[in-house]
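As a plain string of letters, each chain reads:
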Amino acid sequence: MKEMKLVSKRFGKINPLSIDEYINFDGYKNLKKALKMEKTSIIEEVEKAYLRGRGGAGFPTAIKMMGLAKETNKEKFIICNADEGEPGNFKDRYLMENDPHQVLEGMLIVAYATGATKGYIYVRGEYQKSISLLKWSIDEAKKNGYLGKNILGSKFNFDIEVRSGAGSYVCGEEFALIESLEGKPGRTRVKPPFPTSVGLHNKPTLINNVETFSTIPSLIEMGGLEFAKIGTPSSTGTKLISLSGNVKHKGVFEIPYGVPIRDVIYKLGGGIEKDRKIKMVQLGGACGPIIPDYMLDMIIDYERFEEFESKTGAGAIIVMDERFDLFDILLKVVRFFQHESCGKCTPCREGHIQLANLIIKFIERKATVKDIISLESLARVIHQASLCGLGQTSPTAIISSLRYFRDDYIDRIEHPQKG
Amino acid sequence: MLKELLEKYEKKEDLLLEILLECQVVKSDHFISKDDIKEIADYLSIPESKVCSVLSFYTFFSDKPRGKYIIQVCKDIPCYISSDVNVLNIIEKELGIRVNETTSNKQFTLEYTSCLGCCEAGPVMRINDKIYTHLTADKIKAILSEYRVYM
């Protein structure tokens, strides 16, 4: 099995500091193509392609674009969400560090099609290299007439500004991100209204992930229908996978949707270090399900992932071998969310503290059957009652482990600590 | 010094994070003092409480003085499972401080950090803006001694 390089085709082939090398490798030619198209037909191509957001939630990009395009405000914003804080994900960093102009070109095409007047890239503060590369690339793009006023001689004006996060995972959530961009603590807002009608500074705003924007130029080049031929019916195109953990070859791999997880681990990742057995694999990052070895033949696709009652499209695969203990890992997951909860809503703020207490009982072998029931019901309450994506997805690891690693729980109850 | 820094920025409320970030980087003790809070609030014409609420929300900001070099160790799962050594313990022993403490000569502060997005190269740590990957016990000791030379 080989990778299918669409979005990552320039990785390692061009100097990311050089706009000339980008241009010589098909760069900005799809912006030129888009500027000659009707705005509505650009959105139609995205719709035909059935492009879904690559940040995790998988929302159809064309619907967001239509939403922004129909707004008549003088000011409309697009935001590139580069707050890649999900542990185990690093593909957005690769995109920004290896091909920053592709991100800008994608934003420019979306801005032109939707009539957006200004763009922001919100990069997590940990990614200093990405921040400086993007700032450099924006300056280069301005000097070469790809950003600013009358882009490439057209009537299209657009500018992009880079803003840094300050170490807050929840700011990857769209409304928390907007609050942060406004210079406030990153606490989410109640939806609706959605950002495409009331977003940044209460103006219509479209937010997409780095990978979604980076996919747009290839999509325009191929046309929507050709793009939709890649992948599966529910999940078109390619996906960047961040592979980490106990595999021989870690890194970012680009695959068409529909590839089994096992192939990514064994064919691209070269299998497990020292040929150990797999104990568990966490998909998507800390907010994703934990599954056992026998589930690895499932394919990577949005529809298939819905089984976990969670949206897990960001594309991380964290492989953990037999040396690791489920409850040790679960505690780390829960502690992470306990720390990152913004504290606005009660289920998330208080729930993670109690989840941690319950997991500790299993680690100390002091748990009873009642604790399994409490754990399950608490996890479901947090999942259902939280305001934003953080609390809605954080219990996924626990809910999935209760389903697939039931024996581990039973074992802890049947073999309590003596004395 | 803060005055010069502030004058580079437009007086726009939404630039508060950017201002705080730069302020904290350029100060050798890497923290936002009460005087800084007042000066920034006055410059942007916002209440001090607003600056404080941002300061306490984001983990990057500190309201206490820190060392010249801030060492941050990733504590998330990808680093944890690719690690043969306990990075934090080694640093604690080398420097004689615990996590969230600063050495008495004000050179080093040791902290945890969330995922640094280098999961393919774990375990990782960051010293100020520089990221160090594939850490081993020997490598950690060598890195720390490099910083000690320039004390």
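Everything quoted here is computed from the prediction, not taken from an experiment.

1. Observations concerning the domain arrangement of chain B
In step 1: Annotation of chain B at the domain level lists domain 1 (1-57) and domain 2 (69-149).
In step 2: Computed over C-alpha atoms, the centres of domain 1 of chain B and domain 2 of chain B are 28 Å apart.

2. Considerations on the sheet that holds strand E1 (residues 77-82) of chain A
Residue and element names in this part refer to chain A.
In step 1: On the basis of which strands lie adjacent, the open sheet formed by 4 strands has the order E3-E2-E1-E4 and parallel pairing. The open sheet terminates on both sides in strands that have one partner only, identified here as strand E3 (159-164) and strand E4 (205-209). Sheet twist, expressed as the average angle between the axes of neighbouring strands with direction ignored, equals 20°.

3. Let's talk about the packing of helix H15 (residues 369-385) of chain A against helix H17 (residues 396-404) of chain A
Residues and elements named next belong to chain A.
In step 1: Where H15 meets H17, the closest approach of the two axes is 9 Å, and the angle between their N-to-C directions is 140°. With respect to H17, the axis of H15 lies oblique. Note that H15 runs across H17; the crossing there is left-handed. Between H15 and H17, the contacting residues are Ile-372, Leu-375, Glu-376, Ala-379, Arg-380 and His-383 on the first element and Ile-398, Ile-399 and Leu-402 on the second.
In step 2: Residues of the contact of H15 with H17, tallied by class, amount to 6 nonpolar, 1 polar and 2 charged.

4. Section: the domain arrangement of chain A
Residue and element names in this part refer to chain A.
In step 1: Examined at the domain level, chain A breaks down into domain 1 (19-229), domain 2 (232-321) and domain 3 (326-414).
In step 2: Relative placement of domain 1 and domain 3: their C-alpha centres are 35 Å apart.
In step 3: In total, domain 1 and domain 3 occlude about 870 Å² of area from one another, counting both sides; carbon and sulfur atoms represent 74% of this.
In step 4: In this assembly, domain 1 and domain 3 are joined by 0 salt bridges.
In step 5: Taken together, the connections running from domain 1 to domain 3 amount to 3 residue pairs in polar contact (both at pLDDT 80 or more).
In step 6: Residue composition of the side of domain 1 that touches domain 3, by class: 4 nonpolar, 4 polar and 3 charged.

5. Looking at the interface of chain A and chain B
In step 1: With 51 residues of chain A at the contact, the number on the chain B side is 34 residues.
In step 2: Summed over the three residues of chain A that lose the most area to chain B, namely Glu126(A), Ala166(A) and Lys332(A), the buried surface amounts to 18% of that side.
In step 3: One salt bridge connects Arg93(A) with Glu120(B), and the closest N-O pair in it is separated by 2.9 Å.
In step 4: Our count for the contact surface shared by chain A and chain B stands at 14 residue pairs in polar contact (both at pLDDT 80 or more).
In step 5: No other element matches helix H13 (residues 326-340) of chain A, which puts 7 residues into the side of chain A that touches chain B.
In step 6: Residue classes in the side of chain A that touches chain B are distributed as 18 nonpolar, 19 polar and 14 charged.

6. A few points about the packing of aromatic side chains
By convention here, two paired aromatic rings are described through the distance between centres and the angle between planes.
In step 1: Summed over all chains, the structure comprises 20 aromatic pairs over all chains.
In step 2: Between the aromatic rings of Tyr112(A) and Phe156(A), the centroid separation amounts to 5.3 Å while the plane-to-plane angle is 70°, which identifies the pairing as edge-to-face. Placement of the pair is Tyr112(A) in helix H6 (residues 100-114) and Phe156(A) in the loop between helix H7 (128-143) and E3, with a sequence separation of 44 residues. The same class applies to Tyr112(A) and to Phe156(A), which are both buried.
In step 3: Taking the centre distance of 5.9 Å and the plane angle of 40° together, the rings of Tyr69(B) and Phe108(B) count as tilted. With Tyr69(B) in strand E1 (residues 69-74) and Phe108(B) in strand E2 (residues 108-113), this residue pair connects regions lying 39 residues apart in the sequence. In this pair, the class of Tyr69(B) matches that of Phe108(B), namely buried.
In step 4: Aromatic rings pair up to connect Tyr69(B), Phe108(B), Tyr132(B) and Tyr147(B) into one cluster.
In step 5: The ring of Tyr112(A) has Lys39(A) sitting right over it, with the charged end atom 5.0 Å from the ring centre.

7. Some points on the nonpolar core
Residues and elements named next belong to chain A.
In step 1: Counting 106 residues, the largest nonpolar core has Ile-265, Ile-317, Ile-398 and Tyr-409 as its most contacted members.
In step 2: If one sorts the elements of this core by residue count, H13 sits on top with 9 residues.
In step 3: Beyond its immediate stretch of four places on either side in the chain, Tyr-409 contacts Leu-326, Phe-327, Leu-330, Phe-362, Ile-372, Leu-375, Ile-398, Ser-401 and Leu-402.
In step 4: Leu-31, Val-123, Ile-131 and Phe-227 belong to the second-largest nonpolar core, a separate cluster that totals 61 residues.

Reading guide: rules and limits
Residues numbered from 1 in each chain as written. Chains lettered and ligands numbered in written order. Predicted model: local features only at pLDDT ≥ 70, side-chain atom pairs only at ≥ 80, totals over all residues. Heavy atoms only, no water. Domains from an automatic or database assignment. Pairing = 2+ DSSP bridges. Helix = DSSP H or I, 4+ residues; strand = E, 2+ residues; numbered from the N terminus. Axes fitted to C-alpha atoms, helices over the stretch in contact; angles between N-to-C directions. Parallel < 35°, antiparallel > 145°, perpendicular 65-115°, else oblique. Left-handed = near helix turned anticlockwise from the far one by under 90°. Contact = heavy atoms within 4.5 Å. Nonpolar A, V, L, I, M, F, W, Y, C, P; charged D, E, K, R; others polar. Buried area = accessible area lost by both parts, 1.4 Å probe. Salt bridge = Lys/Arg side-chain N within 4 Å of Asp/Glu carboxyl O. Polar contact = N/O pair within 3.5 Å; in protein donor to acceptor, adjacent residues only side chain to side chain. Phe/Tyr/Trp six-rings, centres within 6.5 Å; stacked < 30°, edge-to-face > 60°. Buried < 20%, exposed > 50% of the residue type's maximum accessible area, 1.4 Å probe, protein only. Lys NZ or Arg CZ within 6 Å of the ring centre and 35° of its normal. Core = buried A, V, L, I, M, F, W, Y, C linked by side-chain atoms within 4.5 Å.

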